[in-house]
Every structure is written in C-alpha cells, then in structure tokens.
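What follows is the residue order along each chain.
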Amino acid sequence: MTTKIIMDTDPGIDDAAALTMAINAPELDLKLVTAVAGNVTVDKTTANALKIVHFFGKDIPVAAGAEQPLIKPFEDAARVHGESGMPGYDFGEDYGKPIDKTAVEALHDAIMAEDEVILVPTGSYTNIALLFSQYPEVKSHIKKIVAMGGSISGGNMTSAAEFNVFTDPDAARIMYNAGIPIVMVGLDVTLKALLTKDTIAKLATLNETGKMLNGLITHYNDGTDEGRPMHDVNTIFYLLHPEAFTTKKMWIDVQTEGPAIGCTVGDVRGAYHDGKTNAEVCVDIDADAFNKWFIERVAEMD
Ligand code: RIB
Ligand code: CA
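A few points on the structure. What you see is a predicted model, and the numbers here were worked out from it, not measured in a lab.

A closer look at the coordination of the calcium ion (ligand 2)
Ligation of the calcium ion (ligand 2) by protein atoms is provided by Asp10 (OD), Asp15 (OD), Asp15 (OD), Thr122 (O) and Asp232 (OD), these donors lying 2.2 to 2.6 Å from the ion. Sequence spacing among the residues donating to the calcium ion (ligand 2) works out to D-x4-D-x106-T-x109-D. Pair noted here: Asp10 is in the loop between β1 (3-9) and α1 (13-23) and Thr122 is in the loop between β4 (117-121) and α5 (126-134), with a separation of 112 residues, a long-range link. Asp10 sits in the buried class, given a relative accessible area of 0%. Residue class for Thr122 comes out buried when judged on its relative accessible area of 0%.

Some words on the packing of aromatic side chains
One pass over the structure, following the stated rule, counts 10 aromatic pairs. Here the aromatic rings of Tyr89 and Phe91 are separated by 5.0 Å at their centres, their planes lie at 65°, and the arrangement is edge-to-face. Between Phe290 and Trp293, the aromatic rings sit 6.0 Å apart at their centres with planes inclined by 40°, giving tilted as the arrangement. With Phe290 and Trp293 both in helix α12 (residues 287-299) and 3 residues apart, the pair spans about one turn of that helix.

A word on the site of ligand 1
Taken together, 13 residues surround ligand 1, and among them Asp14, Thr122, Asn156, Glu162 and Asp232 come closest. Within the contact set of ligand 1, an oxygen atom lies 2.6 Å away from a side-chain nitrogen or oxygen of Asp232. Considered on its own, ligand 1 offers 270 Å² of accessible surface; in the complex 97% of this is hidden by protein. At the level of secondary structure, the elements contributing two or more residues to the shell around ligand 1 comprise α1 and α6 (163-167). Looking at the shell around ligand 1 residue by residue, the class counts come to 2 nonpolar, 6 polar and 5 charged.

Here's the deal with the sheet that holds β4
Within the open sheet, the 8 strands sit side by side as β3-β2-β1-β4-β5-β6-β12-β9. Their pairing is mixed. At either margin of the open sheet sits one strand with a lone partner, and together these are β3 (62-64) and β9 (245-250). Recorded for the sheet is a direction-independent mean angle of 25° between the axes of neighbouring strands. Pairing of strand β6 (residues 182-185) with strand β12 (residues 279-285) involves 2 bridges; the strand directions are parallel. Within β12, the position partnered with Val183 by the bridge is Glu280. Sitting on the sheet, helix α4 (residues 103-112) touches β1, β2 (28-35), β3, β4 and β5 (142-148), and the angle it makes with β2 is about 160°.

Some words on the packing of α1 against helix α10 (residues 208-217)
Between α1 and α10, whose axes approach to 9 Å, the crossing angle comes to 160°. Considering the angle they form, α1 stands roughly antiparallel to α10. Helix-helix and strand crossings are classified by hand; for α1 and α10 the assignment is left-handed. Note on element contacts: α10 touches α1 through Thr209, Met212, Leu213, Leu216 and Ile217, opposite Ile13, Ala16, Ala17 and Thr20.

Re the pattern of salt bridges
Summed over the entire model, instances satisfying the criterion amount to 12 salt bridges. Glu27 serves as the salt-bridge partner of Arg297, at 2.5 Å between the closest nitrogen and oxygen. With Arg297 in helix α12 and Glu27 in the loop between α1 and β2, this pair connects stretches of sequence that are 270 residues apart. Since its relative accessible area comes to 14%, Arg297 is described here as buried. One network of salt bridges, in which partners are shared, links Lys4, Asp29, Lys31 and Glu114.

Some remarks on the packing of helix α11 (residues 233-240) against α12
Look at α11 against α12: their axes get within 11 Å of each other, and the N-to-C directions meet at 90°. By the angle between their axes, α11 is roughly perpendicular relative to α12. Across the interface between the two elements, Val233, Asn234, Ile236, Phe237 and Leu240 from α11 touch Ala289, Phe290, Trp293, Phe294 and Arg297 from α12.

The rules behind the values
- Residue indices follow the written sequence of each chain, beginning from 1 at its first position.
- Note on labels: chains are lettered from A, ligands numbered from 1, in written order.
- Residues qualify for local features only when their pLDDT is at least 70, as the model is predicted, and side-chain atom pairs are given and counted only at 80 or more; totals for whole chains, interfaces and linings, by contrast, use all residues.
- Hydrogens and water molecules were not included; the side-chain quantities draw on all heavy atoms of the structure.
- Only nitrogen, oxygen and sulfur atoms count as donors, using a 2.8 Å cut-off from the metal that widens to 3.2 Å for Na, K and Ca. Water is left out, so coordination shells may look unfilled.
- Comment: elements are numbered from the N terminus, with helices defined as DSSP H or I runs of at least four residues and strands as E runs of at least two.
- Working definition: with a 1.4 Å probe on protein chains only, accessible area under 20% of the residue-type maximum means buried, over 50% means exposed, and in between means partly exposed.
- Only Phe, Tyr and Trp rings take part, Trp by its six-membered ring, and two of them pair if their centres are within 6.5 Å. Stacked means planes under 30 degrees apart, edge-to-face means over 60, and tilted covers everything else.
- Here a residue is considered near a molecule or strand provided that any single heavy atom belonging to it is located within 4 Å of it.
- Polar contacts, as used here, are pairs of N or O atoms within 3.5 Å; protein pairs need one atom able to donate a hydrogen and one able to accept it. Residues neighboring in sequence count only if both atoms are side-chain atoms.
- We get accessible surface area from the Shrake-Rupley algorithm with a probe of 1.4 Å; when it comes to residues, only the shown protein chains can shield them.
- Residues are grouped as follows: nonpolar covers Ala, Val, Leu, Ile, Met, Phe, Trp, Tyr, Cys and Pro; charged covers Asp, Glu, Lys and Arg; every other residue, Gly included, is treated as polar.
- At least two DSSP bridges between two strands are needed for those strands to be called paired.
- Structural elements are reduced to axes, namely lines fitted to C-alpha atoms, with helices fitted over the stretch in contact, and the angle between N-to-C directions of any two is expressed from 0 to 180 degrees.
- Contact criterion: two residues are considered in contact whenever any of their non-hydrogen atoms come within 4.5 Å of each other.
- Our angle categories are set so that under 35 degrees counts as roughly parallel, over 145 as roughly antiparallel, 65 to 115 as roughly perpendicular, and the remainder as oblique.
- By definition, any crossing whose near helix is turned counterclockwise from its far helix by less than a right angle is left-handed, and any crossing with a clockwise turn is right-handed.
- Salt bridge, as used here: a side-chain nitrogen of Lys or Arg that lies within 4 Å of a carboxyl oxygen of Asp or Glu.

Below is the structure:
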C-alpha cells in the first residue's frame, strides 16, 4: 500500500533532491508536482520541476503556480541556488511542458480524486493558501501536511525567520490556521542533518542520478564545505522514517509584520493557547541515519 503525496515546490537544489527521493521511493505515489515562486521565479521553478520529472522518465503532471506572495513583495534566493535555480547539470532542452491548469486547479482536482493524500510543500505556501481560500472542501481529503519551513530556534533569512515562511508569511498563517494536522520540518532539524563532504563526493561515484545530484549540490551556496543542509529532503525522510525524528506538539503562530516578519512563534510551554496545538514540530533528528539513508537510496537508483 503506497502513500499518496503531492509536492508543492520551488526547485531549487534541495527541492530537486527531495523530488528525486519522492519519485524513486516505492513507498510513495507522487500524484502531482506544483511549482511556486521562491528560490527563483515560478517560470524557472516550473521548468526545474519538469527537468527532474523528465530525468526519471515519469508521467507525473507538473503545474505552474503563484508568481508572487499574497501580500509581501517577492524576494528570491538565487544567491543560494543560482540564477537558474538548478545549476551544475545539463538536463537538455526537451523536458516537456506544464499541464494546462493552474497549480490551484491541479491541486484541487488531484486532491478531490483521492480519499486521502499527504501534502508536502517545500517552498513558500502561497499555492496552498490560495487553494484553501478558493476550494476549502479539499481540506477533508488531506490527511496531513508535512511542510519544510519555519523554525523555533532562529532563522536563515533574518535572525527570526526561515526562507519559506519569510517569503509569504500571510500564506503560512493561513496554512497553520487551516485546521489540518501539520508536521513542521524546520531549520531545527534541517540544519542538523547536513550532507557531509564525503557523502556528496560519494554521490558522483554511484550512478547518473548521483552525478546529477553531485553536480547540483556542488553549486549550492547553503552550508559549508563541511556540510550542506538538504532542507526539503527532510520531508521525505520524515515520511519514510519518522522514527529518526523527535517531535513536540505545540501551537505555531506566524508573524506577518514588523522586524520579525516570517517568524514561526512556538508556544513551547503550552501556556498560551488553552492546551491547543496546530503542529507537530520536529525538534531533533538522527543526522547519521539521514546521511546513510540518502546514499543508500541514491545507490538503488539508475
Ligand atoms: O529555508 C530553506 C528553504 O528555503 C528550502 O525549502 C529551500 O529550498 C528554500 O526554498
Ligand atoms: Ca524549497
């Protein structure tokens, strides 16, 4: 019995690695990929998602989504992921086209076609917020959301805010108040599970997928030579190995204005929301298990 998932992404080098893991996981059935503006503009994130799907010869629909955050002006992360969003490997020019639906329409149709599906956003949550606003009926078909983003231990865009939430804090607030179970895979764990230099080097010796990932990751400006954070890949690692994570349930609020805009504020003592929680926050991870899993999975690919 496979788990049906949908990924909303902004490839982006770590998004590309997360898509690679999801597409090649026999435990998962990736029904749809939607793209959003984030690391780079949505035309590029859509093309990059198509490149990964085409690289593996899969017939998984890709839909283009929001060009801008709901309210906040768009700021990309090309300084981290390169102008193309996925430098370091030649995917060729013939990688197909997105389907003739917007991301919101594609998400609605794909979710309503299933009894239950898990939503895995690894970019800003703009498409998700628009979906819930336009088609609230989809919520009952979403078993849970496993979202890369946020942090209860400091940010990477400011001292307070993580990039995906910082990009569209208003969308993040809508998602965290949608009443759907959320697993927050934030910087609290993604900055611990760093791909080591040896792991990155070993990728290139495995197969064409390893060469592709090594090419991308050696052009990735996040982390240091001692270790590169594969933020988005942690969502797939969580889906397949939740036992490698320590989580804590708490209420998460999102700051949508002021100098701490994009900060995910955790009610860590359960003191201010009458015991209510809206998220299961990942607070620790087995980093060695992550590196071992990453190499073993890629080694099984073509
Ligand atoms: O803060 C890390 C997140 O921002 C990741 O999803 C990365 O791809 C960027 O989008
Ligand atoms: Ca991302």
